Structure formats: C-alpha cells, structure tokens
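Topology and contacts: notes
Letter by letter, the chains look like this.
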Amino acid sequence: MKWYGKLLLSLGAALVLFCVGLMVYGVWFKYERNDYVDEISLKFAVAAETGELEATCDGVTTEIAPLNYNTILFYLTREPAFTLRKPAKDAPCVDLLLGGTEHILVYSTDDPQITLVRAQVNGHVRYHRLTYRDLYRQLAIAVSEKGFREPNRVLNTAN
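Below, the structure is looked at part by part. None of these values were measured; they are calculated from a predicted model.

1. Describing the nonpolar core
Nonpolar side chains in soluble globular proteins tend to end up buried together. Counting residues in each nonpolar core, the largest one holds 28 residues, and the members touching the most others are Ile40, Phe44, Ile72, Leu76, Ile104 and Val143. Breaking this core down by element, the ones donating at least two residues are helix H1 (3–50), strand E1 (53–57), helix H2 (69–76), strand E4 (93–98), strand E5 (102–108), strand E6 (114–121) and helix H3 (135–143). Broken down by element, the residue count for this core peaks at six residues, all from H3.

2. Overview of unusual backbone geometry
If you check the backbone angles, Asp58 has positive phi at about 55° while not being a glycine. One can find Asp58 in the loop between E1 and strand E2 (60–63). On the basis of relative accessible area, Asp58 is assigned to the exposed category, the value being 68%. Unlike most non-glycine residues, Glu79 shows phi in positive territory, near 45°.

About the criteria used
Residues numbered from 1 in each chain as written. Predicted model: local features only at pLDDT ≥ 70, side-chain atom pairs only at ≥ 80, totals over all residues. Heavy atoms only, no water. Core = buried A, V, L, I, M, F, W, Y, C linked by side-chain atoms within 4.5 Å. Buried < 20%, exposed > 50% of the residue type's maximum accessible area, 1.4 Å probe, protein only. Helix = DSSP H or I, 4+ residues; strand = E, 2+ residues; numbered from the N terminus.

Note that every value here comes from positions in space, so none of it alone points to a role or purpose.
What follows is the structure, encoded as structure tokens:
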C-alpha cells in the first residue's frame with residue numbers, strides 16, 4: 001500500500017473515532033442535563049414540604065415563601081447546559097440553601113442571556129450554563145424581600 005493509501009486509511013479511522021466520540025458526548029451531555037434537572041426538582045419538592053429554602057442576594061438573607069418555589073425552580077431549569085466556564089470572582093451571586101445542606105450558587109455574567117450555576121447537590125459539584133432572558137435579574141427579584149408572587153421573610157441584612 002502506498003503512502004497516500006495509508007494516509008486516507010488513517011484519516012478515515014480518525015473520522016470514525018471522532019464521530020463515535022461526538023455521539024458518546026451527546027448522550028453523556030443529555031444524561032448530565034437530565035440528572036441536574038431531576039436532582040434540583042427533587043430537592044425543591046423536599047424543600048417545599050419542609051419549608052427549608054433560604055436565599056442570600058446582595059447581603060440580604062430571606063426565607064423563601066412557598067408560592068415562590070416554583071418560580072425559582074423554573075429559572076434554575078431553563079435550558080441547562082454543561083459548561084467548563086467558571087464564574088468571575090467578583091460576579092454578583094444568588095446563594096440558595098436547600099434543606100440546610102445543598103448549595104446552589106447562581107452567578108451573573110456579562111451577557112444578560114447567560115447565567116452560570118454551581119450546584120452542590122448530593123455531594124456532587126456541577127457547573128451549568130442557563131440560557132434565558134434576564135434570568136439572573138428575575139431570580140434576584142424572586143429571592144428578594146419583595147418576592148415574585150409572595151413576599152419573602154427577611155432573616156438578616158448584612159450592611
């Protein structure tokens with residue numbers, strides 16, 4: 001076999017491996033996204049039963065009212081995508097504490113369409129990118145004292 005035949009054979013094998021890798025990544029990506037949504041939904045269902053959901057935003061810690069749970073869950077599950085991008089150190093953040101043990105940190109980015117999430121649920125730390133128009137601003141309103149559908153109870157204010 002001449003050198004160009006070996007080259008074509010090698011390129012064909014590389015292309016097959018690349019396509020198989022893309023298919024495996026696609027399946028893994030979908031599994032990871034669905035697992036994130038399932039875990040967050042389950043934790044919110046438990047928190048709704050026990051009433052243990054607190055949020056800290058801009059130095060104000062609030063106990064979230066039950067009517068705001070679905071709104072917050074809606075925002076946390078908007079088109080999640082796995083990301084390797086880490087949030088900026090000085091980025092504004094909403095810290096959600098579910099049941100006293102599970103932390104979900106939602107970070108603002110320069111793009112109002114994109115929000116980064118660091119979810120520490122069941123001992124796993126996951127980073128996801130959420131895509132939704134003004135998601136961070138809407139979430140900050142939902143966890144503030146004003147709330148989205150019902151006022152939240154302020155626990156403390158750090159000035």
